[in-house]
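The chain contents come next:
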Amino acid sequence: MTYWNNSDVDFDASYDYSATVDIDYSAVVDFTSDVSVNHDYNVDVCIDGNEAVFSIDVQAYGDDSATELNLVVFVNDDYSSITATGWAAVA
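Below is a summary of the structure that appears in this document. (Residues numbered from 1 in each chain as written. Predicted model: local features only at pLDDT ≥ 70, side-chain atom pairs only at ≥ 80, totals over all residues. Heavy atoms only, no water.)

### Considerations on the overall build of the protein chain
Secondary structure summary: the protein chain contains 0 helices and 2 strands in total. Put simply, 40% of the contacts in the protein chain that link residues at least 6 apart link residues at least 24 apart. Carbon and sulfur atoms provide 48% of the accessible area of the protein chain, an area that totals close to 10300 Å². (Helix = DSSP H or I, 4+ residues; strand = E, 2+ residues; numbered from the N terminus. Contact = heavy atoms within 4.5 Å. Areas by Shrake-Rupley, 256 points an atom, 1.4 Å probe, with all protein chains shown as cover.)

The structure is reproduced here in structure tokens:
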């Protein structure tokens, strides 16, 4: 059986690499879209009980403004609920 002792090997690995890559790219995109949506909603709701209606109008005016609206809507057979929170502010 022969054994090899790697201490007898003098190994020097070096690699010099240089590359120049020129890319010339041109694209012409012609896109046409035609969407025709047929929307027909027939909702039959018989209100036999109570009704709640609300309107929200929150305004802030200025150069640097921000707004936020959080909206939760829940509906099942016996209960419906709308919860809205939000703010409008100007710096």
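Now that the structure is up, let's keep going.
### Side note on a nonpolar patch on the surface
On the surface, Phe54, Ile56, Val58, Leu69, Leu71, Val73, Val75 and Ile82 cluster together to form a nonpolar patch covering roughly 810 Å² of accessible area. Considering every element that reaches the nonpolar patch, the biggest residue donor is strand 1 (residues 65-75), with 4 residues. Along the chain, phenylalanine 54 falls in the segment before strand 1. (Patch = residues over 30% accessible without salt bridge, like charges linked within 9 Å, V, L, I, M, F, W, Y side chains within 5 Å. Salt bridge = Lys/Arg side-chain N within 4 Å of Asp/Glu carboxyl O.)

### Notes on the packing of aromatic side chains
For the structure shown, the criterion picks out 1 aromatic pair. Where phenylalanine 74 meets tyrosine 79, the ring centres are 6.1 Å apart and the plane angle is 45°; that geometry is what we call tilted. Accessibility expressed as a relative area gives 41% for phenylalanine 74, which makes it partly exposed. (Phe/Tyr/Trp six-rings, centres within 6.5 Å; stacked < 30°, edge-to-face > 60°. Buried < 20%, exposed > 50% of the residue type's maximum accessible area, 1.4 Å probe, protein only.)

### What about the pairing of strand 1?
Within strand 1, only 0 of the 11 residues are buried, which leaves it mostly out in the open. Once strand 1 ends, the chain turns through 4 residues before running back antiparallel as strand 2 (residues 80-90). (Pairing = 2+ DSSP bridges.)

### Observations regarding the pairing of strand 2
Alignment of strand 1 against strand 2, held across 11 bridges, turns out to be antiparallel. Counterpart to leucine 71 in the pairing with strand 2 is alanine 84.

### Some thoughts on the environment of aspartate 63
Relative to the helices and strands, aspartate 63 resides in the segment before strand 1. Looking at aspartate 63, the relative accessible area reads 87%, which means it is exposed. Placed 27 residues apart in sequence, aspartate 63 and valine 90 show a C-alpha to C-alpha distance of 7.3 Å.

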